[in-house]
Amino acid sequence: MSYGRRKIFTDASEITAENVVKEVNEAFLVHSANRNEIADLYRYYRNKTAIENKTKEVRENINFKIGEARCLEVTNFYKGYIFGEPIQYIRREKTQSTAPDDTIAADINALNSFMSDANKAACDSKLGKWILVGGTGYKMALPNKAWEKDGDEPPFNVYAPDPRRTFVVYSSDVDESPMMNVTYAKRKNGEIIFTVYTPTSVYTYKQGHSNPLAEPNPLGMLPIVEYPAADLLGVFEPVVPLVDALNALQSNRLDDVAQYINSFLAILGAQVDEETYKRLEEWKMLCLPEGTDAKYLSSPMSQADVQTLKDDLYQAILTICGVPNRNGGSSTSDTGQAVELRDGWSSAETRAKDIETAFKASEKEHLKVILRIMRDTVGTNLKLSDIDPHFTRRNYENIATKSQVLIAMLNN
């Protein structure tokens with residue numbers, strides 16, 4: 001069982017052509033451990049769980065392997081709840097910008113338009129999936145070469161690279177500033193091609209080679225930004241043992257039902273020959289000598305007790321992950337806020353805000369790259385202090401109460 005991803009550090013004060021291969025090789029060892037854990041969690045997300053390895057020593061032919069896809073349920077809830085609506089950029093109030101208000105507004109509208117053309121919403125959805133599943137994700141921005149040829153294209157492209165083949169290396173100093181971005185691709189012939197970004201250069205080389213090809217970095221900054229979750233932990237990672245227990249319980253439950261239906265018939269005090277057995281199959285009845293008995297050998301589990309245990313495991317999964325339950329409790333005195341507290345929506349909202357806070361911190365670093373590309377291409381007066389990433393989720397939450405409060409305040 002894993003306990004969150006590891007942040008990758010280096011003691012080097014600068015990444016150069018002389019030490020880049022050595023530093024990448026050292027960082028790759030930590031990344032490999034992270035990659036394997038992310039791959040395991042991704043398999044659970046796709047409902048490929050430990051129950052598939054279930055074996056039985058008795059009656060091996062009855063062996064159900066049921067995965068209830070609870071990891072998929074938890075991930076899809078938060079993915080839709082947080083990243084279901086596109087993330088917009090709005091103007092931050094009381095900025096120190098010297099540009100006119102209408103210019104800032106026009107530039108922010110242009111930024112949102114470019115992001116829409118670059119399919120940022122789909123990119124954020126993919127990024128959100130990796131953050132929720134693996135505990136970390138990455139977003140990359142590069143100049144769009146097609147923009148110079150076609151004015152309808154956005155000046156940049158945004159990507160959400162797979163965290164199983166992408167990582168960021170940070171300085172071991174107190175500021176933990178990012179030192180290099182590393183991404184790699186595996187060719188059909190088995191070769192692994194590394195691409196390493198530093199603020200000054202882009203290095204490319206094959207695994208096992210020590211002479212990288214170096215080119216200047218036109219951005220002058222790192223194009224890949226890491227989006228870590230809290231404690232670099234996947235949203236369902238703490239409940240993986242409970243998911244395994246739930247799957248095992250449900251699988252054994254179905255085994256019990258099948259074994260009860262296919263129980264062995266025991267005949268006490270007599271023997272059944274082949275002819276009698278054939279008549280039993282045909283007539284569905286059995287005539288036995290006086291003093292003998294026949295009964296099925298079965299000891300079924302109490303389905304009520306099993307259901308109680310299953311409900312307890314499922315409720316524990318939802319509680320730990322902060323997912324609202326579906327108890328369907330009702331009361332004539334229920335209010336909207338009471339329902340949110342009782343059914344777990346307040347816990348889900350708290351967890352969502354925590355994810356949003358971490359996401360916004362990384363999004364600002366990503367915006368620095370975007371603004372740099374825009375200054376070099378279309379030109380813009382925007383500064384980072386002018387922009388605030390805004391989640392449009394739940395704009396109309398408690399709208400009736402808010403409207404009544406606003407009317408009361410205006411009347412006074």
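First, a word on scope: everything that follows refers to the structure included in this document. What you see is a predicted model; the values in this text were computed from it and never measured.

Basis of the calculations
- Residues numbered from 1 in each chain as written.
- Predicted model: local features only at pLDDT ≥ 70, side-chain atom pairs only at ≥ 80, totals over all residues.
- Heavy atoms only, no water.
- Helix = DSSP H or I, 4+ residues; strand = E, 2+ residues; numbered from the N terminus.
- Contact = heavy atoms within 4.5 Å.
- Buried < 20%, exposed > 50% of the residue type's maximum accessible area, 1.4 Å probe, protein only.
- Pairing = 2+ DSSP bridges.
- Axes fitted to C-alpha atoms, helices over the stretch in contact; angles between N-to-C directions.

1. Comments concerning the overall build of the chain
Secondary structure assignment for the chain yields 10 helices and 13 strands. Partitioning the contacts of the chain with sequence separation of at least 6, the portion at a separation of at least 24 is 69%.

2. Focus: the pairing of strand β13 (residues 387–390)
Burial of the side chains of β13 is restricted to one face: I387 and P389 are buried, whereas none of D388 and H390 on the reverse face is. Taken together, the four bridges between strand β2 (residues 88–91) and β13 define a ladder with antiparallel strand orientation. Note that in β13 the partner of R91 across the bridge is I387.

3. Examining unusual backbone geometry
Of note, the phi angle at A69 is positive, near 55°, even though the residue is not glycine. At N119, a position not held by glycine, the phi torsion is positive, near 60°. Note that N119 resides in the loop between α3 (101–117) and α4 (120–134).

4. Notes on the sheet that holds strand β10 (residues 224–228)
Taking strand neighbours across the sheet as the criterion, the three strands line up as β4-β3-β10 in an open arrangement whose pairing is antiparallel. Since the sheet does not close on itself, it has two edges, and those belong to β4 (156–159) and β10, each with one partner. On average, each strand axis in the sheet is tilted by 20° relative to the strand beside it, whichever way the strands run. Where strand β3 (residues 136–143) meets β4, four bridges bridge the pair, whose relative direction is antiparallel. Residue pairing across strands places P143 opposite F156, the latter belonging to β4. Along the sheet, α4 contacts β3, β4 and β10; its crossing angle with β3, the most-contacted strand, is approximately 150°.

5. Topic: the sheet that holds strand β6 (residues 178–186)
If you walk across this open sheet you meet the six strands as β1-β5-β6-β7-β8-β9, and the pairing is mixed. Of all strands in the sheet, those with a lone pairing partner are β1 (8–10) and β9 (213–216), marking the two edges. Strand after strand, the sheet turns through a mean of 25° between neighbouring axes, direction not considered. Examined bridge by bridge, β6 and strand β7 (residues 192–197) share six bridges and lie antiparallel to one another. The partner of Y184 across the bridge, within β7, is F194. Relative to β6, helix α1 (residues 20–45) is tilted by about 70°, and along the sheet it contacts β1, β5 (166–171), β6, β7 and β8 (201–206).

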